[in-house]
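Chain and residue survey
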Amino acid sequence: MKSINFDYQHSLIEQHELNEIKAQVEIAHEALHNKTGPGSDYTGWVDYPQNYNHKELERLKKAAKEINSNSEILVVIGIGGSYLGARAIIDIFNHSFYNLLPNHKRKAVSIFYAGNNISGSYLRDLIELLEEKEFSLNVISKSGTTTEPAIAFRILKRILEDKYGIEEARKRIYVTTDSQSGALLKLAKNEGYETFSIPDDIGGRYSVLTPVGLLPIAAAGIDIDQLLEGGKSAMEEYNNKNLNENKCYQYAALRNILYRKGKDIEILVNYEPAWRFFAEWWKQLFGESEGKDKKGIFPVAVDFSTDLHSLGQIIQDGKENKFETIIQIQEQNRDVEIIDDPEDNDGLNFISGKTLNYINKMAFKGTLLAHKDGNVPNLVIEIPELNEYYLGKLIYFFEKACGISGYLLGVNPFNQPGVEAYKRNMFALLGKPGFEELQSQLKNRLE
């Protein structure tokens, strides 16, 4: 198997700058692998592709088959790391209009998502869709009390029970939660739901290669064995503290060099619409890991060439505080050829016979050079082909780079203290018992 290629020749960084950060990278490597760095209790993802529970994986595959045997739709209930990774992978490997295909053209159940927002319109529309469909639920939450998924599960659980009866509904609910405690685990035990474990030492944004992501991915007909095999290959390849040899660490180091030069916005660029939710997963991974102690590179994402027509101007000629990381696929598996038009009214006969993927590559190369000319550093990550093995490898590449990058930045990349503030305010404004004093303070501030 080939390696992921990392090209930084357009980064506007000199080799001596990488050499000067080598010692810091080695310290970060030791801190991560020896579990001496901040947040080490949540670094189980480092060796998970090798140490996962094989029996649980087989049980998970069996559950995925059961879902496909009795359901047309699987509703995945979760927010943040509880659904983004799975959705990213499912979108990348499935047909662009997968959920609209007739059943005989789909290889597995349709996947829909709930509990990732508090929109009444969205949930009402989903409920209407489910009325005439056979469906199952996979609720994913470590505690079971996270507001968005807890609301969605409460409502959809009742609809499932009304449709099938309590006993049959129990067979259609799959719970991924903490293995030891929590409200959701307690409910699952009381009701007899099949459960899968969120590892105690892995946080949500690093959990896509665990049952958190693997159950919905398997239900969608995607090869999770190869996904884990790719993760294992990356685990072995990137367990090397030598910066000259470790492409994953080169990416982490370059991000920090650019940050120290004032480049505090990183733009993840893709040229395929199916990669939109991969970018959403990536944004959470880096944003939640690095954005603390008044530090951090702000992660944003664009879909090219679409966003070149809206954001290309500001990227190229705007404030010089940005750099781009571009994901490229060497070999695509689907394509369309440009036909010849005798009239040539649009003046495009010069590309007749060429494919859209070829033209897309030229758009990438042209944009790369233009943005470099605009003093926007570019980093290019290329996977050899689009399959589960290489995507598993890419996921681990970014997870490992994020851990190392966080340590280089001087933060704990495995906690997220800042996300609790909005929850406290929301609970107070909703009148949750115990929040009366805060409620009064907030109301005065809003008047």
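You'll find the structure just up there.
As a starting point, this report considers the structure included with it. (Residues numbered from 1 in each chain as written. Predicted model: local features only at pLDDT ≥ 70, side-chain atom pairs only at ≥ 80, totals over all residues. Heavy atoms only, no water.)

**Remarks on the packing of helix H11 (residues 247–260) against helix H15 (residues 388–409)**
To be explicit about the condition: With axes taken as lines fitted to C-alpha atoms, and helix axes fitted only over the stretch in contact, angles between N-to-C directions fall between 0 and 180 degrees. A helix here means a DSSP run of H or I that spans at least four residues, while a strand means a run of E at least two residues long, and both kinds are numbered starting from the N terminus. Between 65 and 115 degrees an angle is taken as roughly perpendicular, under 35 as roughly parallel, over 145 as roughly antiparallel, and anywhere else as oblique. Two helices cross in a left-handed way if the nearer one is turned anticlockwise from the farther one by less than a right angle. They cross in a right-handed way if the turn is clockwise. Two residues form a contact once any of their heavy atoms are found within 4.5 Å. Residues are sorted three ways: Asp, Glu, Lys and Arg are charged, Ala, Val, Leu, Ile, Met, Phe, Trp, Tyr, Cys and Pro are nonpolar, and all the rest, Gly among them, are polar.
For the pair H11 and H15, interaxial distance at closest approach is 8 Å and the crossing angle is 40°. Taken together, H11 and H15 sit at an angle that is classed as oblique. With respect to the hand of their crossing, H11 and H15 are arranged in right-handed fashion. The segment H11 lies against H15, with Lys247, Cys248, Tyr249, Tyr251, Ala252, Ala253, Arg255, Asn256, Tyr259 and Arg260 engaging Phe397, Phe398, Lys400, Ala401, Ile404, Ser405, Leu408 and Leu409. Here the contact of H11 with H15 is built from residues that sort into 12 nonpolar, 2 polar and 4 charged.

**A closer look at the pairing of strand E2 (residues 73–77)**
Remember that side chains alternate between the two faces of the sheet whenever the strand is regular. Keep this limit in mind: To sort residues, take the accessible area from a 1.4 Å probe on protein chains only and compare it with the maximum for the residue type: under 20% means buried, over 50% means exposed, and anything in between is partly exposed. Pairing between strands requires that DSSP locate at least two bridges from one strand to the other. Look down the strands so they point away from you; if going from the first strand over the helix to the second traces a clockwise path, that crossover is right-handed.
With 5 of its 5 residues buried, E2 lies for the most part within the structure. Of the two faces of E2, both are covered, the one formed by Ile73, Val75 and Ile77 as well as the one formed by Leu74 and Val76. The sheet contact formed by E2 and strand E3 (residues 110–114) spans 5 bridges and is parallel. The residue of E3 that forms the bridge with isoleucine 73 is serine 110. Between the parallel elements E2 and E3, the chain passes through helix H4 (residues 84–93) in a crossover that is right-handed. Bridge count for E2 against strand E4 (residues 135–140) is 5 bridges, and the pairing is parallel. Residue pairing across strands places valine 75 opposite leucine 137, the latter belonging to E4.

**Comments concerning the sheet that holds E3**
Across the sheet, 5 strands lie side by side as E3-E2-E4-E5-E6; this open sheet has parallel pairing. Each edge of the open sheet is held by one strand with a lone partner, namely E3 and strand E6 (194–198). Sheet twist, expressed as the average angle between the axes of neighbouring strands with direction ignored, equals 20°. The sheet contacts of helix H3 (residues 54–70) involve E2, E4, strand E5 (173–178) and E6, and relative to E6 the element is tilted by about 135°.

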